[in-house]
Number of protein chains: 2
Amino acid sequence: MGRRGRVVLRRIEDRVRRGICFRKRLAGLEKKAEELAVLCDAHVGFVVLSCSDDDRLHHFAAPATYALSP
Amino acid sequence: MGRRGRVVLRRIEDRVRRGICFRKRLAGLEKKAEELAVLCDAHVGFVVLSCSDDDRLHHFAAPATYALSP
DNA sequence: CTCGCTATCCTTAGGTC
DNA sequence: TGACCTAAGGATAGCGA
């Protein structure tokens, strides 16, 4: 189990595997974006347009932590 | 060395540490965004507005891999 | 298909220079 | 200040159910 090798930056040709990867990584990106917003006091927003999985537009926005101290 | 404990989702109060964390995580987010774009054939773009580090707007955009096969 | 598991790779906080 | 190093926590590909 687990990942076999290192990530190769290349389009995943298999449709099913690409779709699964898309959903998992989209969730991962949201988490990272939120962490950046909270930990580092920044507004973060992103848009993802799936071209060959669900052909949909996904978006996410996280406000910065309410500035308590400078 | 290495990280000491788990990441606590809370604004980092120390200005220097927050700034270092911001730059590292911004770079990490860019990498993740590009991987999502390439691996999963999606357009990805994001905007980050630093509220207390450099007070600047950072942006990033990655085009999907040119659709070779459906 | 979706969910949960986990070995494996990746990211990064804290440190040094 | 920035670049580099490393341990450790975190993300995730492949599977099983």
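For clarity, every value in this text was computed on a predicted model and none was experimentally measured.

Student: Sorry if this is basic, but what is going on with the packing of helix α1 (residues 15-40) of chain A against helix α1 (residues 15-40) of chain B here?
Tutor: Put simply, α1 of chain A and α1 of chain B touch, their axes get as near as 10 Å, and they point 165° apart. Here α1 of chain B runs roughly antiparallel to α1 of chain A, going by the angle between their axes. α1 of chain B is crossed by α1 of chain A, and the crossing has left-handed handedness. Of α1 of chain B, the residues touching α1 of chain A (which contributes R18, C21, F22, R25, L26, L29, K32, A33, E35, L36, L39 and C40 of chain A) are R18, C21, F22, R25, L26, L29, K32, A33, E35, L36, L39 and C40 of chain B.

Student: Any chance you could explain the pattern of salt bridges here in plain terms?
Tutor: Working definition: two side chains of opposite charge can pair if their charged atoms are close together. By the definition in use, this model includes 10 salt bridges over all chains. Here R11 of chain B and E13 of chain B are joined by a salt bridge, their closest N and O atoms 2.9 Å apart. For R11 of chain B, a relative accessible area of 6% corresponds to the buried category. Among the charged side chains, a network of salt bridges with common partners joins R11 and E13 of chain A together with D41 of chain B.

Student: Got a minute to help me understand the side chain of S52 of chain A in this structure?
Tutor: Tracing the chain through its elements places S52 of chain A in the loop between β1 (42-50) and β2 (57-62). Separated by 3.0 Å, the side chains of S52 of chain A and R18 of chain A make a polar contact. Leave out the neighbours within four places in its chain, and S52 of chain A touches R11, R15 and R18 of chain A together with C40 and D41 of chain B.

Student: Sorry, what's going on with the protein's contact with DNA strand C here?
Tutor: R4, R17, K24, R25 and K31 of chain B are the nearest of the 21 residues found near DNA strand C. Counting only the atoms of DNA strand C within 4 Å of the protein, the fraction contributed by sugar and phosphate is 78%. Between K32 of chain A and DNA strand C, the recorded distance is 3.3 Å, taken from a side-chain N or O atom to a phosphate oxygen. Per element, the largest residue contribution to the surface near DNA strand C is eight residues, and it comes from α1 of chain B.

Student: Whenever I open this one, the interface of chain A and chain B confuses me. Can you help?
Tutor: Accessible area lost upon the coming together of the parts serves often as the stated size of an interface. The interface of chain A with chain B comprises 37 residues on the first partner and 37 residues on the second. Counting each side, the surface lost to burial between chain A and chain B is near 3400 Å², with a carbon and sulfur contribution of 64%. When the buried area of chain A at its contact with chain B is split by residue, R11, R25 and L39 of chain A rank highest and sum to 20% of it. The interface formed by chain A and chain B includes four salt bridges. R25 of chain A serves as the salt-bridge partner of E35 of chain B, at 2.8 Å between the closest nitrogen and oxygen.

Student: What is the right way to look at the UniProt feature "domain: MADS-box" (unreviewed entry) in chain A in this model?
Tutor: UniProt feature "domain: MADS-box" (unreviewed entry): in the numbering of this structure it lies at residues 2-50 of chain A. Split by type, residues 2-50 of chain A is 53% helix and 18% strand. Its first and last C-alpha atoms lie 26 Å apart.

Student: What exactly am I supposed to notice about the protein's contact with DNA strand D here?
Tutor: If you check the shell around DNA strand D, you find 21 residues, and the closest are R3, R4, R17, K24 and K31 of chain A. For DNA strand D, the backbone makes up 76% of the atoms found within 4 Å of the protein, where backbone means sugar plus phosphate. At 2.7 Å, a side-chain N or O of K24 of chain A approaches a base nitrogen of DNA strand D. A distance of 2.8 Å separates a phosphate oxygen of DNA strand D from a polar atom in the side chain of K31 of chain A. Counting only elements with at least two residues in the surface near DNA strand D, the list comes to α1 of chain A together with α1 of chain B. Among the residues making up the surface near DNA strand D, the classes are represented as four nonpolar, four polar and 13 charged.

So, how was this worked out
- Residues numbered from 1 in each chain as written.
- Chains lettered and ligands numbered in written order.
- Predicted model: local features only at pLDDT ≥ 70, side-chain atom pairs only at ≥ 80, totals over all residues.
- Heavy atoms only, no water.
- Axes fitted to C-alpha atoms, helices over the stretch in contact; angles between N-to-C directions.
- Helix = DSSP H or I, 4+ residues; strand = E, 2+ residues; numbered from the N terminus.
- Parallel < 35°, antiparallel > 145°, perpendicular 65-115°, else oblique.
- Left-handed = near helix turned anticlockwise from the far one by under 90°.
- Contact = heavy atoms within 4.5 Å.
- Salt bridge = Lys/Arg side-chain N within 4 Å of Asp/Glu carboxyl O.
- Buried < 20%, exposed > 50% of the residue type's maximum accessible area, 1.4 Å probe, protein only.
- Polar contact = N/O pair within 3.5 Å; in protein donor to acceptor, adjacent residues only side chain to side chain.
- Near = heavy atom within 4 Å.
- Buried area = accessible area lost by both parts, 1.4 Å probe.
- UniProt positions renumbered as here; feature names shortened; annotations may be inferred.
- Nonpolar A, V, L, I, M, F, W, Y, C, P; charged D, E, K, R; others polar.

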